[in-house]
Amino acid sequence: MLEASHRYFHQAADVLDLSPKVREVLLTPNRVIKVDIVEEADDGQLMHYTGFRVQHNSARGPCKGGLRYHPTMDEDHASALANLMTWKTAIVDVPFGGAKGGIDCDPSQMSRFELERVTRRFVDQCKEVIGPTIDIPAPDVNTNADVMAWIMDEYSRYAGFSPGVVTGKPLHLFGSEGRDEATGRGVMYALEEALRDCGKDLAGTTVALQGFGNVGSHAARMIAERGGKIVAVADHMGGVANEAGLDVPSLVDYAAEHRTVAGFSGGDAIEGASIITWPADVLIPAALEDAIDAKNAGEVQAKIIVEAANAPTTPEADAILKQKDVLIVPDILANAGGVTVSYFEWAQNIQQFRWELDRVNAELEKRMRRAYQSVREIAEAKNTDLRTAAFVLAIQRVGRAALSRRAVRETIDFG
Ligand code: NAD
């Protein structure tokens, strides 16, 4: 996975004609942390997991990135995703660097109390190297506001009252209005911008969606509210389709109760894997990485892909889709709404001041649209796809900051 994210980086670094030395400075992580987490399970057996945190780059501010609880979590995933966070925070111009981490556990097999103990142990092992000015975790796959509250509580035992150590906290515990739905809302803005580029709008646009968790469900709800038609949704258990458009609020209620969209009666059951090639104007992968690969990319029918998930498209698939003239809004732009509102949450925590929802949403919309337009201008100027342009913008911002913070022997032009 890290190799794939490096490949995208090098495509943009080639456009900027960067030297191998500068590339190495920008790709090398600041710090890689790996900890053993040994805790007692509810039945008295030992649980033994490994926790990871990779702090990739802090040139533009404290490291920032999610915590993922998933059996596939490992150093390669954490490194690749931390890397993406560095570029993402730069694209929406928030004063953070990039980090990512997680634990290789499966929360669906754990009680709430086991999850809390494992989370607290992880914080205890990392407490010296996280903090409001060092590294600020946030929710990702299988982590949520409850997990963030436990992190804040555990860290505050060590450092004193510190709401700014994590974002994505519950609203009643110094979270921000609008954070829960921020990534999905940002995805919707990114889609609106992409449609505008194609001379279209959301009304009547058909959408197939993979993943119906935090990001996917909020994105679906907002797209449907604005006239888009969600015609198929799939998750890890299966999927459901309805040509006339799924009733998204009912699907949200169903998924909250059953923890899957499979079995929803408002459409026909479909096989989960078929979602990637489903006939729709737009495909939104909002689950895990590598969903679109060399095997299924050729069969993709959508003309626009908005990457709500991180790294859902392999470089091989990306090349195939480019040949098919599919417009891809890359992850580091499309799903940057979450980290943008995380920044607002962190700023509110530091100022001990609360913003109202209207202000959060208005600032998010402004930053997402501005980011999209900046990326599109670079794509036009340098004659590249949006992904390469997004990396170019990010490398320019991170590169200038990184190399202003140290004396260098050569003059580097970031274009
Ligand atoms: P989540 O845990 O809330 O939901 C994940 C969804 O993916 C679930 O519906 C699950 O069933 C589905 N899924 C898992 N494995 C699958 C599979 N093999 N096939 C089909 N569906 C599968 O996670 P989330 O927070 O919504 O994150 C989704 C993606 O968005 C991840 O790539 C994450 O890194 C990215 N992301 C999340 C945020 C955020 O704020 N939560 C921000 C930026 C990016």
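Residues numbered from 1 in each chain as written. Predicted model: local features only at pLDDT ≥ 70, side-chain atom pairs only at ≥ 80, totals over all residues. Heavy atoms only, no water.

### Section: the domain arrangement of the protein
Here the protein is described as being made up of domain 1 (29–166) and domain 2 (182–334). Between the C-alpha centres of domain 1 and domain 2 there is a distance of 27 Å. With eleven residues of domain 1 in contact, the opposing surface of domain 2 contributes seven residues. Here domain 1 packs against domain 2, burying approximately 820 Å² in sum over the two surfaces, 59% of which is carbon and sulfur. (Domains from an automatic or database assignment. Contact = heavy atoms within 4.5 Å. Buried area = accessible area lost by both parts, 1.4 Å probe.)

### What to know about the site of the ligand
Taken together, 21 residues are adjacent to the ligand, and Asp140, Thr183, Phe212, His236 and Asn310 come closest. Asn214 is positioned such that a nitrogen or oxygen atom in its backbone is 2.9 Å from an oxygen atom of the ligand. For the ligand, an oxygen atom lies 2.5 Å from a polar atom in the side chain of His236. Burial of the ligand by the protein chains amounts to 82% of its free accessible area of 830 Å². (Near = heavy atom within 4 Å. Polar contact = N/O pair within 3.5 Å; in protein donor to acceptor, adjacent residues only side chain to side chain. Areas by Shrake-Rupley, 256 points an atom, 1.4 Å probe, with all protein chains shown as cover.)

### Observations regarding the pattern of salt bridges
Applying the stated criterion across every chain, the model contains 34 salt bridges. The partner of Lys366 in a salt bridge is Glu363, and the shortest N-O contact between them spans 3.8 Å. One end of the pair is Lys366 and the other is Glu363, both in helix H12 (residues 357–382) and three residues apart, which spans about a single turn. For Lys366, a relative accessible area of 43% corresponds to the partly exposed category. Of the residues examined, Glu363 reaches a relative accessible area of 22% and is grouped as partly exposed. (Salt bridge = Lys/Arg side-chain N within 4 Å of Asp/Glu carboxyl O. Helix = DSSP H or I, 4+ residues; strand = E, 2+ residues; numbered from the N terminus. Buried < 20%, exposed > 50% of the residue type's maximum accessible area, 1.4 Å probe, protein only.)

### A closer look at the pairing of strand E8 (residues 238–241)
Neither face of E8 is open: one carries Gly238 and Val240, the other Gly239 and Ala241, and all of them are buried. Pairing of strand E7 (residues 229–235) with E8 involves four bridges; the strand directions are antiparallel. Bridge pairing in E8 places Val233 opposite Val240. Between the antiparallel neighbours E7 and E8 lie two residues. Pairing geometry for E8 and strand E9 (residues 268–270), over three bridges, is antiparallel. For Gly239, the partnering residue across the bridge sits in E9 and is Ile270. (Pairing = 2+ DSSP bridges.)

### Brief notes about the layout of surface pockets
Estimates place the volume of the second largest pocket at around 260 Å³. If you trace the second largest pocket, you find 14 residues lining it, with Val326, Leu327, Thr384, Asp385 and Leu386 closest to the centre. Those elements that provide at least two residues to the lining of the second largest pocket are helix H9 (315–323), strand E12 (327–329), H12 and helix H13 (386–404). If one sorts the elements of the lining of the second largest pocket by residue count, H12 sits on top with three residues. Each residue belonging to the lining of the second largest pocket can be placed in one class, and the counts come to five nonpolar, two polar and seven charged. (1 Å grid on protein atoms, 1.4 Å probe; cavity = no way out; pocket = protein on both sides within 12 Å on 5 of 7 lines; lining within 4 Å. Points joined across faces, edges and corners; volume = space filled by probe spheres on them. Nonpolar A, V, L, I, M, F, W, Y, C, P; charged D, E, K, R; others polar.)

### What to know about unusual backbone geometry
One non-glycine residue with positive phi stands out, namely Asp290, at about 60 degrees. Turning to its location among the elements, Asp290 is positioned in the loop between strand E10 (282–285) and strand E11 (304–306). Within the chain, Asn383 stands out as a residue other than glycine whose phi angle is a positive 55 degrees. Within the secondary structure, Asn383 is located in the loop between H12 and H13. Assessed through its relative accessible area of 71%, Asn383 is described here as exposed.

### A look at helix H7 (residues 214–225)
The periodicity of an α-helix, 3.6 residues per turn, causes residues three or four places apart in sequence to face the same way. Between its first and last C-alpha, H7 extends 17 Å over twelve residues, near the 16 Å set by a 1.5 Å rise per residue. Along H7, the positions that sit buried rather than exposed are Val215, Gly216, Ser217, His218, Ala219, Ala220, Met222 and Ile223. On its buried face, H7 sits against helix H6 (182–197), strand E6 (206–210), E7, helix H8 (248–258) and E10. Remark: Gly227 follows H7 within two positions and exhibits a positive phi of approximately 100 degrees. (Expected span 1.5 Å × (residues − 1).)

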